[in-house]
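# Notes for the structure review
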Amino acid sequence: MPALSPQVDGVKIEHARVGVRLREAAFDQVRERRIKRWEHEHVVEAAQMRLDQNPQAMRVRRETAEHPFATLKMRMGATHFLMKRLPNVATEMALNVLAYNLTRVMNIVGIKPLLVAIRA
């Protein structure tokens with residue numbers, strides 16, 4: 001069974017003994033195999049275990065996250081970006097997200113309270 005050793009550069013190192021049958025006297029002749037494991041691997045494994053127990057959760061997450069992007073795409077005309085080069089495309093996307101968020105605030109809070117908040 002592998003024994004855990006201290007971390008090296010944020011990575012846990014597991015030592016697995018490989019070779020002939022070990023005896024205390026012959027320990028010097030044993031080769032070691034090092035297996036690197038990410039320091040936070042247990043978090044990924046726990047998330048995978050929760051997903052395996054409830055596969056429907058990913059579908060709910062996907063559907064929840066897709067709605068705003070589908071709305072943005074529809075508002076953009078379901079087409080490509082109008083600008084070229086990354087800074088320009090980032091600005092175009094930021095303006096689209098701002099317009100989407102303002103529309104959401106107007107629908108949730110109302111126009112008059114939004115105008116009062118903007119003037120304050």
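Each value, and the rule that gives it
Residues numbered from 1 in each chain as written. Predicted model: local features only at pLDDT ≥ 70, side-chain atom pairs only at ≥ 80, totals over all residues. Heavy atoms only, no water. Helix = DSSP H or I, 4+ residues; strand = E, 2+ residues; numbered from the N terminus. Buried < 20%, exposed > 50% of the residue type's maximum accessible area, 1.4 Å probe, protein only. Contact = heavy atoms within 4.5 Å. Salt bridge = Lys/Arg side-chain N within 4 Å of Asp/Glu carboxyl O. Patch = residues over 30% accessible without salt bridge, like charges linked within 9 Å, V, L, I, M, F, W, Y side chains within 5 Å. Areas by Shrake-Rupley, 256 points an atom, 1.4 Å probe, with all protein chains shown as cover.

The secondary structure content of the chain amounts to four helices and three strands. Counting every position in the chain, which comprises 120 residues, the buried fraction comes to 12%. Pairs at least 24 residues apart make up 27% of the contacts formed inside the chain by residues separated by at least 6 positions.

In total, this model carries one salt bridge according to the counting rule given. When the shortest N-O distance is used, the salt bridge between R37 and E45 registers 3.1 Å. Exposure remark for R37: the relative accessible area of 26% places this residue in the partly exposed category.

Side chains of L95, L98, L102, M106, I111, L115 and I118 sit close together on the surface and give an oily, nonpolar patch of about 630 Å² of accessible area. Where the nonpolar patch is concerned, the elements lending two or more residues are α3 (86–108) and α4 (111–119). With respect to the secondary-structure elements, I111 resides in helix α4.

The subject of this paragraph is the side chain of N96. Here N96 lies in helix α3. Ignoring anything within four residues of it in the chain, the contact list for N96 reads L72 and M76.

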